[in-house]
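Observations on the three-dimensional arrangement
So the chains spell out like this:
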Amino acid sequence: EARIEASTGKSIMRISGVAFTSGLNKNNWGIRPELASRLTAEMIGSDVTLNHPKAEMGRFSRNMDGGVDEATVGIVTEASYHATGDGYQVRYVAEVHRTELFASLESGLWMRPEYGVSIGGTGIPSEIIEADEEGGRPTMWFAEDFEFDHLAIVHRPAYADANIETVEKVIATETFKCQATGSTDYSKVNNMTEEQIELTAS
């Protein structure tokens, strides 16, 4: 089997950073370590969106009018779980394909401290602790039931450490896989180089 790569000339932006961490976020919910570790596999191949899409009937929608707000703008390509001294950190690598976002990424706008990423998903909390004060939010922990939906680029992410640490422009390539001589089986793959409550969480 031989592999031949050819540049498509199409640019993408590769971003990486911290997706979420242990502990409670600003919305007063958190993900237990075992579930967080499992979610890293679910993140790979999921959508990257600009801001969180609206939730409809317990599921997240997508903006399909051609604009970028609340639309799919890329894909998560890698995710990894890392134990830390006081908990864990889940990191990501993603590709942004919508050229409308390239200027903001290249300028470093979304690498500023007040910008970052935020996870979106649906699930049923395994533990709910009522708020101590009237009008306060209950504390919710997810340990088993949580379906990852998307990673959103946002202003003021819910997890303080969720960020975009690196931005890199790369050129997409196509990889052609060729069978042994005499075979008529050819294939081509795309490759990018260098309340019981169902909660909608964001």
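Here is a short report on the structure shown in this document. (Residues numbered from 1 in each chain as written. Predicted model: local features only at pLDDT ≥ 70, side-chain atom pairs only at ≥ 80, totals over all residues. Heavy atoms only, no water.)

Here's the deal with the overall build of the chain
- Summing up its helical and strand segments, the chain has two helices and 14 strands in all.
- Total accessible area on the chain is roughly 11000 Å²; 46% of this is exposed by carbon and sulfur atoms. (Helix = DSSP H or I, 4+ residues; strand = E, 2+ residues; numbered from the N terminus. Areas by Shrake-Rupley, 256 points an atom, 1.4 Å probe, with all protein chains shown as cover.)

Some details on the sheet that holds strand E10 (residues 139-142)
- Strand order in the open sheet made by the three strands is E2-E10-E9, with mixed pairing throughout. Unpaired on one side and paired on the other, strand E2 (29-31) and strand E9 (127-129) mark the two borders of the sheet. Each adjacent strand pair in this sheet contributes to an overall mean axis angle of 15°, direction not counted.
- The sheet contact formed by E9 and E10 spans three bridges and is antiparallel. Opposite glutamate 127, over in E10, you have tryptophan 141 as the bridge partner. (Pairing = 2+ DSSP bridges. Axes fitted to C-alpha atoms, helices over the stretch in contact; angles between N-to-C directions.)

Comments concerning the nonpolar core
- Grouped together as the largest cluster of nonpolar side chains are 37 residues, with contacts concentrated most on Phe20, Ile31, Met43 and Tyr92.
- Ranked by the residues each element gives to this core, the list is headed by strand E7 (residues 87-96), at five residues.
- Excluding residues that lie within four positions of it along the chain, isoleucine 31 makes contacts with Phe20, Ala36, Leu39, Tyr88, Ile119, Trp141, Phe142 and Tyr159. (Core = buried A, V, L, I, M, F, W, Y, C linked by side-chain atoms within 4.5 Å. Buried < 20%, exposed > 50% of the residue type's maximum accessible area, 1.4 Å probe, protein only. Contact = heavy atoms within 4.5 Å.)

Remarks on the side chain of serine 16
- If you trace the backbone, serine 16 turns up in strand E1 (residues 2-21).
- At 2.3 Å, the side chain of serine 16 forms a polar contact with the side chain of threonine 166. (Polar contact = N/O pair within 3.5 Å; in protein donor to acceptor, adjacent residues only side chain to side chain.)

What about unusual backbone geometry?
- In the Ramachandran plot, asparagine 51 falls in the positive-phi region, its phi being about 70° despite a non-glycine side chain.
- Tracing the backbone through its elements, the reader meets asparagine 51 in the loop between strand E3 (47-50) and strand E4 (55-56).
- Positive phi, normally seen in glycine, also occurs at arginine 156, with a value near 60°.
- Along the chain, the position of arginine 156 falls in the loop between strand E11 (145-155) and strand E12 (166-178).

Points about the pattern of salt bridges
- As enumerated under the stated definition, the model contains ten salt bridges in all.
- For arginine 38, the salt bridge goes to glutamate 42, with nearest N and O atoms at 2.6 Å. Highlighted residues: arginine 38 and glutamate 42, both in helix H1 (residues 33-43), separated by four residues, approximately one helical turn.
- Looking at arginine 38, the relative accessible area reads 37%, which means it is partly exposed.
- Residue classification places glutamate 42 among the partly exposed positions, given a relative accessible area of 30%.
- The network of salt bridges with common partners includes Asp47, Arg62 and Asp149. (Salt bridge = Lys/Arg side-chain N within 4 Å of Asp/Glu carboxyl O.)

Focus on the environment of lysine 26
- As for its position among the elements, lysine 26 is in the loop between E1 and E2.
- When its relative accessible area of 56% is taken as the criterion, lysine 26 is described as exposed.
- In sequence terms lysine 26 and arginine 156 are 130 residues apart; their C-alpha atoms lie 9.7 Å from each other.
- Discounting residues that sit within four places of it in the chain, lysine 26 has contacts with Arg137, Pro157 and Ala158.

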